[in-house]
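# Secondary and tertiary structure notes
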Amino acid sequence: LSMRQSREEDLRIASASLATLISSISAILVAVNEEDQVDHWNRSAEKALGLEAERVLGKRFADLGLEWEWDRILEAAWRCRDSGESVSLDSVRYQRGDGGEGLLGVTFNPVPGTGGSMPGLLILAKDITRSKAEEAKTAFEQRMRSMGQLAAGVAHEINTPVQYVSYNMSFLEQAFVDLFEAVEAAGKLAGEARLRGDEGLAALGREVEDKLEEADLGYLQTEIPDSVSHSLKG
């Protein structure tokens, strides 16, 4: 009798130690037996899911009324039991105990049942809301950096030919000024030649004047500088 009492005491102590260990685990820990009843519900589960252990122990897991993605949860639980292997889910949306929304990383581990019955489940979960937010922030910053680099590259590719165009337009602007001055001088010379008595020289003067009139020099003197100015601004 004393030996049996000793063993029972050892078993009680071991059970109490196990319960303490389970309760102290920082991750959410839920144990579901082969009858789908909740056997363990640690303090992290109480805090994160907003349900005290005394309210859920012995109840069917699917009847707890938890606000999370039950379709994903139940499908993963079935796969775990069917395959006998761990199944993990990422970014499971759920409602926290404080009423806010969060994301969970959940792992289902099979626990062998008795007499070949359906295995139970050991469910471990961790709130990954903050880490996911950090990942999203980092990804956003990387995209912004990439866009900045792309924009800088595009700006460089545009700026180089624009510099060539700007340089050449500036050159043409000055060249047209010089050219019009030369054309005006030629016009004056043609007028003088036409008034002279030399028939050949007069004919040459008339030809130059005709060419200048045909070119519509006055129109070009107005429009070409404006066109060059607009191109430089552009």
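Higher on the page you've got the structure.
We now turn to the structure provided with this report. (Residues numbered from 1 in each chain as written. Predicted model: local features only at pLDDT ≥ 70, side-chain atom pairs only at ≥ 80, totals over all residues. Heavy atoms only, no water.)

The next subject is the nonpolar core. Of all hydrophobic cores here, the largest spans 30 residues; its most connected members are V30, W41, F61, W68 and F108. When residues of this core are traced back to their parent elements, those giving at least two are β1 (28–32), β2 (38–41), α2 (43–49), α3 (53–56), α4 (70–83), β3 (87–95), β4 (101–111) and β5 (120–127). When near neighbours in sequence (up to four residues on either side) are disregarded, F108 contacts I73, A76, A77, C80, E85, S86, V87, L89, L121, L122 and I123. Listed in part, the six residues of the second largest apolar core include M169, F180, L217 and V228. (Core = buried A, V, L, I, M, F, W, Y, C linked by side-chain atoms within 4.5 Å. Buried < 20%, exposed > 50% of the residue type's maximum accessible area, 1.4 Å probe, protein only. Helix = DSSP H or I, 4+ residues; strand = E, 2+ residues; numbered from the N terminus. Contact = heavy atoms within 4.5 Å.)

Evaluated as defined, the whole model comprises four aromatic pairs. Between F61 and W68, the aromatic rings sit 6.2 Å apart at their centres with planes inclined by 65°, giving edge-to-face as the arrangement. The exposure class of W68 is buried, given its relative accessible area of 13%. Centre to centre, the rings of F61 and W70 are 5.4 Å apart; their planes meet at 70°, and the pair counts as edge-to-face. (Phe/Tyr/Trp six-rings, centres within 6.5 Å; stacked < 30°, edge-to-face > 60°.)

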